[in-house]
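# Examining the three-dimensional arrangement
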Amino acid sequence: MRKSILDDKNIMNFEFQIAKSEPTHFHQSIELLYVLEGNIKITIGDSEYMASPEDILVVNANKKHSYHTTEDVLLGYFQIDFRKLSEMLNTNQILFWCNSIMNKNAAYDELRSVMRQVFNQYHEKNGLSLIVLNGLYYNLLQILVEHFLVRSDDKRFLKDKNPDEDRMAEIINYINANYDKRLSLNELAEQLYLSVPYLSKYIKRNMGMNFVDYINNIRLYHAIDDMLYTDKSIMGIALDNGFANTAAFNELFKRTYNSKPSEYRQKMRSTISMEGEQENEYLMKKIDERVNAYLEHNMVNSPVDITKENEYTILDATKYTEYPRYWNRMINVGRAGDLLRSDMQEHILILKEEIGFRYVRFWDIFGSELLVNENNEEGKYNFEKLDKVLDFLVEHDIRPYIEMGYKPKRLHSTLTKTIVEEQREISFQSLQSFKRFITNFVAHLVNRYGLEEIEKWYFEQWSGEDIEKGSQDDNFFDIFNALYETIKRISPNCMVGGGGIGIQYERGNLTKLVELWSKQKHLPDFLSLYCYPYIKGDEDGVAYAKISSDRNFLKNQLDMASAVIAESKLKGVEIHVSEWSSTISNRNVLNDSCFKGAFILKNIVECMNTTDILGYWVGSDIFSEHFDSSPILYGGCGLLSKDGIKKPSYYAYYFLNYMGKYLINIDENSIVTTNAHNSYYIACHNYRHLNYKYFLKSEDEVELEKMYQIFEDNGMIQLNYQLANIKNGRYKIKTYAISADNGSVQEEWRKMGLSDHLTKQEVEYLKRICTPYIQIQECEAKDQKLNFEVQIKAQEIKYIHISYLYH
């Protein structure tokens, strides 16, 4: 049994430990582990994790776990009092997903920083240091709860799991949180809204013992811990652990262990003392040596604000590289049938002509409205309506990116709530009939558009949800291989790939997919990935899903995916993020706000050179129209509203498209480019991340009037730049800005009273005024230097063009 390091006063405590192999055990407290030196295998339930230095992992209450290592591993070991935390959060359902081995999150760095500050207090745990220590403990808890706590409404039962498991978890957690009090079956039944007879039978059936025996086992477990590792009296131990009196405790103890508590304590302490005193003294000395050496090289000083308004970022105008335009290679637009609409075609042309999107991704080519007749056994297919879609694209020099699978038709208001939900079944009777269709389809495309044109397109096969759930079903690979062979037979230069797997659900799903694909006859020309900021998992048969609080989620997930792919046979294939956004919800007011523009600009700049294609979801709100979409704005993910009004998210792309050909500099808030002919272009943002209030809401419940409350802050920033090694003379600085004050359709609609009944003239008025604010000034460059400053409001985006004035 691991000794508890908790006391009655504090909600948390820590110590350094030199970890060795330890058999399976569990306890009520929550463990937070920080690996400082060495490597250790940690087993939690049925899952094994190999932890290395800097890894952080939470072991939840009552989870069976063990450690195995062949070396002495130095750990920062924290215990959190489950009962105190449950009282503070007013819930017994406490579950953390915190495992840096499996996922990346900027919050892990916050945890590391605070834990290192805790380590600084190692030698002083009294006086002022004790106050500092407790402040840091609550800081740790705040980070854990804000970023890693799974709420009860994040829970979704898997269809093949027994819902009783949730009730059992609730019963166990409630008993474990209240075992030290006078707890009755009546009280528990009232808490669960169940009858006493039913609950009594339920506990007996599922636990193999009655309520009294179960709670007494829990009380004895904690009592033994107190007996061995504290100096409390037997009476104190009995009362502190929920026994009515000492006599009741003594009677149960003797019946269970065939010994009086005092005798057991004396015997066990004697054994521990004889066997472990010298070893413990040696171990403590060894820990002190390791800790002192660690602290000497890893001391953390208190954070100091080093921001200085007069500090400038030096930009050498003579040093630059190619500016990669990976972000506007492809845009998602919707189902193939949507492209038959004239308003959708109008929106696609705007996206192509003003932002430069080269590929349009669409899916559901087998939709009933297209009348393809793909199941015809005689090969009499009807491509007429699909031809109209493709004719439009080809005539306007837009390349199709065709998703060939049977994706379900879904329109989300939140991750777990849908407005529309239609599962799609593969209609082909056999693999042979699928091959026959693909042969006819590709031959038709070549005959109509020419082989040279078709070789520029992308053909994507979705892997389906079975792969994401970890299924070993080879059906996807049979279909992909058939698609690959059929298309490549006509032209080896055609691009065939797919996968379409979510990389937001830790690395396990992607690892499984690339491992399976590495064993196939054909590797893809490109691997397509989805990335939305959610995390999913499974705890004891219960599926959970929650919004990720990681401000760098896209970058972290792409880094993870790149590492997985680089270690596989798929190394070298193109990586396409075929879908990404800040949300999967199409009823989230943030989609229409300035936040979305800053979010897009931040992530595109941050993820430069991490993927070949970054395909935003989606181009137009037409995709998400439904019965409830009559207002001018309704929280759709589109860059354009259904009426073609340009949102702040649109202008993030618009600004990036008007950058120079060559990249000079990227930093946290900006990207700087040049055309190498005395013109310079800057796109910058003041992205403010979401705070805990947002993560406690359903995405479709964010209120427009209270939106300001859900950001970490609303502060302005100032960026200072010096362009160096430029031509002396006069320069014009032209600034375009989109903010809540200028160019935001959401804010302009708010000024119109959020009316649901706008006339055509009023919609046209919004189109005209929802454009960037423009400011022009002139500056002099001397000594081949030009200094300038940019002030940016919260969630504002700016585009700055600096051009030499020739005389």
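What comes next concerns the included structure. As the structure is a prediction and not an experimental result, all values here were calculated from the model.

### Concerning unusual backbone geometry
- That bond from Trp 617 to Val 618 is cis: its omega, 0°, falls within 30 degrees of zero.
- Phi at Asp 783 is positive, roughly 55°, even though this residue is not glycine.
- Here Asp 783 is to be found in the loop between strand S29 (773–781) and strand S30 (785–792).

### Re the side chain of Asn 241
- Relative to the helices and strands, Asn 241 resides in the loop between helix H8 (234–240) and helix H9 (246–257).
- Judged by its relative accessible area of 2%, Asn 241 falls in the buried class.
- Here the side chain of Asn 241 touches Asp 226 through a polar contact of 3.1 Å, side chain to side chain.
- Beyond its immediate stretch of four places on either side in the chain, Asn 241 contacts Tyr 179, Asp 180, Arg 219, His 222, Ala 223 and Asp 226.

### Here's the deal with helix H16 (residues 475–490)
- With 16 residues, H16 ought to run about 22 Å at 1.5 Å a step, and its terminal C-alpha atoms sit 23 Å apart, in line with that.
- Taken across its 16 residues, H16 has twelve buried, putting it largely inside the fold.
- Residues of H16 that are buried include every one of Phe 476, Phe 477, Ile 479, Phe 480, Asn 481, Ala 482, Leu 483, Tyr 484, Glu 485, Thr 486, Ile 487 and Lys 488, and no others.

### As for the packing of aromatic side chains
- Summed over all chains, the structure comprises 58 aromatic pairs.
- Their ring planes at 85° and their centres at 5.1 Å tell us that Tyr 381 and Phe 437 sit as a pair that is edge-to-face. Residue Tyr 381 is found in the loop between strand S13 (359–363) and helix H12 (384–395), and its partner Phe 437 is found in helix H13 (residues 431–449); the two are separated by 56 residues along the sequence. In this structure, Tyr 381 and Phe 437 share a single accessibility class: buried.
- Here Tyr 449 and Trp 457 contribute two aromatic rings whose centre-to-centre distance is 5.7 Å and whose plane-to-plane angle is 50°, an arrangement assigned as tilted.
- Looking at Tyr 449, the relative accessible area reads 14%, which means it is buried.
- The exposure class assigned to Trp 457 is buried, which follows from its relative accessible area of 0%.
- Ring pairs connect the aromatic residues Trp 327, Phe 357, Trp 580, Phe 595, Phe 599, Tyr 616, Tyr 653, Tyr 687 and Phe 711, which therefore count as one cluster.
- Over the aromatic face of Trp 363 sits the side chain of Lys 407, whose NZ or CZ is 4.6 Å from the ring centroid.

### Re a nonpolar patch on the surface
- A surface patch of nonpolar side chains, about 310 Å² in accessible area, is lined by Leu 128, Ile 131 and Val 132.
- Mapped onto the fold, Val 132 is located in helix H3 (residues 128–148).

### Observations regarding the sheet that holds strand S8 (residues 73–80)
- Pairing is antiparallel in the open sheet, where four strands are placed in the order S1-S8-S3-S6. Strands with a single pairing partner mark the edges of an open sheet, and in this sheet they are strand S1 (12–19) and strand S6 (56–59). Across this sheet, the average inter-strand angle for adjacent strands is 25°, counted without regard to direction.
- Sheet analysis places strand S3 (residues 30–37) next to S8, joined by seven bridges and oriented antiparallel. Residue pairing across strands places Leu 33 opposite Tyr 77, the latter belonging to S8.
- Along the sheet, H3 contacts S1, S3, S6 and S8; its crossing angle with S1, the most-contacted strand, is approximately 85°.

### Concerning the state of the cysteines
- Throughout the structure, instances matching the rule amount to zero disulfides.
- Lacking any disulfide linkage, Cys 594 is separated from the closest cysteine sulfur, that of Cys 770, by 10 Å.
- Note on Cys 594: relative accessible area 9%, which makes it buried.

Reading the values: the criteria
Residues numbered from 1 in each chain as written. Predicted model: local features only at pLDDT ≥ 70, side-chain atom pairs only at ≥ 80, totals over all residues. Heavy atoms only, no water. Helix = DSSP H or I, 4+ residues; strand = E, 2+ residues; numbered from the N terminus. Buried < 20%, exposed > 50% of the residue type's maximum accessible area, 1.4 Å probe, protein only. Polar contact = N/O pair within 3.5 Å; in protein donor to acceptor, adjacent residues only side chain to side chain. Contact = heavy atoms within 4.5 Å. Expected span 1.5 Å × (residues − 1). Phe/Tyr/Trp six-rings, centres within 6.5 Å; stacked < 30°, edge-to-face > 60°. Lys NZ or Arg CZ within 6 Å of the ring centre and 35° of its normal. Patch = residues over 30% accessible without salt bridge, like charges linked within 9 Å, V, L, I, M, F, W, Y side chains within 5 Å. Areas by Shrake-Rupley, 256 points an atom, 1.4 Å probe, with all protein chains shown as cover. Salt bridge = Lys/Arg side-chain N within 4 Å of Asp/Glu carboxyl O. Pairing = 2+ DSSP bridges. Axes fitted to C-alpha atoms, helices over the stretch in contact; angles between N-to-C directions. Disulfide = S-S within 2.5 Å.

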